[in-house]
Amino acid sequence: MPRFKDPRLHLYDFADIFLVQCPSCSKCATVTTNSEEKVFNLFKKKTFVCYHCGRIEEGSNNHELWLVANCKGNTLWAYNLRHLEFIENYVQAKLRESNKHEKLGWYNQGLVSRLPKWIKEKNNREVILKTINKLKGSVDIGKNK
């Protein structure tokens, strides 16, 4: 039985790399951040790179996320493949565990508690997992070409 134990991650734990759409060639590109400069989910240094067309930008903002899809009338999105795999692991698990934080007790600041209800519902599992597989298959940042 697939099992998921909440690692108490936050959305900003995945915010070191973003898969985005290149405004020049419309292919998958990356925006990376310097996680050491991360303060309250704001990043001082961002670098956009498209390995398909060669576009590079410093201080880049406002690119469309690549990992976005309609799923049963809702929007499924993720910053990067690690974020998407986190959601996939949660959705496919038939047993989902969480423990009290040793200092904070039960709290809802983590990513699991912030997932939308439709992602948590058992009857949406199959369609969400199909959508996640489709999104994974769309990723080609062009580094090996």
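Above this text you will find the structure in question.
Report on the accompanying structure. (Residues numbered from 1 in each chain as written. Predicted model: local features only at pLDDT ≥ 70, side-chain atom pairs only at ≥ 80, totals over all residues. Heavy atoms only, no water.)

**So, the packing of helix α1 (residues 81-92) against helix α4 (residues 125-137)**
Link 1 in the chain: Interhelical geometry of α1 versus α4 gives an angle of 160° and a closest axis separation of 10 Å. With respect to each other, α1 and α4 are oriented roughly antiparallel. Of the two elements, α1 crosses α4, and the hand of that crossing is left-handed. Contacts between α1 and α4 involve Leu81, Leu84, Glu85, Ile87, Glu88, Val91 and Gln92 from the former and Arg125, Ile128, Leu129, Ile132, Asn133, Leu135 and Lys136 from the latter.
Link 2 in the chain: Class assignment for the residues of the contact of α1 with α4 results in eight nonpolar, two polar and four charged. (Axes fitted to C-alpha atoms, helices over the stretch in contact; angles between N-to-C directions. Helix = DSSP H or I, 4+ residues; strand = E, 2+ residues; numbered from the N terminus. Parallel < 35°, antiparallel > 145°, perpendicular 65-115°, else oblique. Left-handed = near helix turned anticlockwise from the far one by under 90°. Contact = heavy atoms within 4.5 Å. Nonpolar A, V, L, I, M, F, W, Y, C, P; charged D, E, K, R; others polar.)

**So, the side chain of aspartate 6**
Link 1 in the chain: Looking at the element boundaries, aspartate 6 is found in the loop between β1 (3-5) and β2 (17-21).
Link 2 in the chain: An unpaired buried charge is present at aspartate 6: no salt bridge exists, and arginine 8, the closest side chain of opposite charge, is 4.7 Å distant.
Link 3 in the chain: From its side chain, aspartate 6 meets the backbone nitrogen of arginine 8 in a polar contact 2.8 Å long.
Link 4 in the chain: Apart from the residues within four sequence positions on either side, aspartate 6 is in contact with Glu97, Ser98 and Val112. (Buried < 20%, exposed > 50% of the residue type's maximum accessible area, 1.4 Å probe, protein only. Lys, Arg positive; Asp, Glu negative; His and termini not counted. Salt bridge = Lys/Arg side-chain N within 4 Å of Asp/Glu carboxyl O. Polar contact = N/O pair within 3.5 Å; in protein donor to acceptor, adjacent residues only side chain to side chain.)

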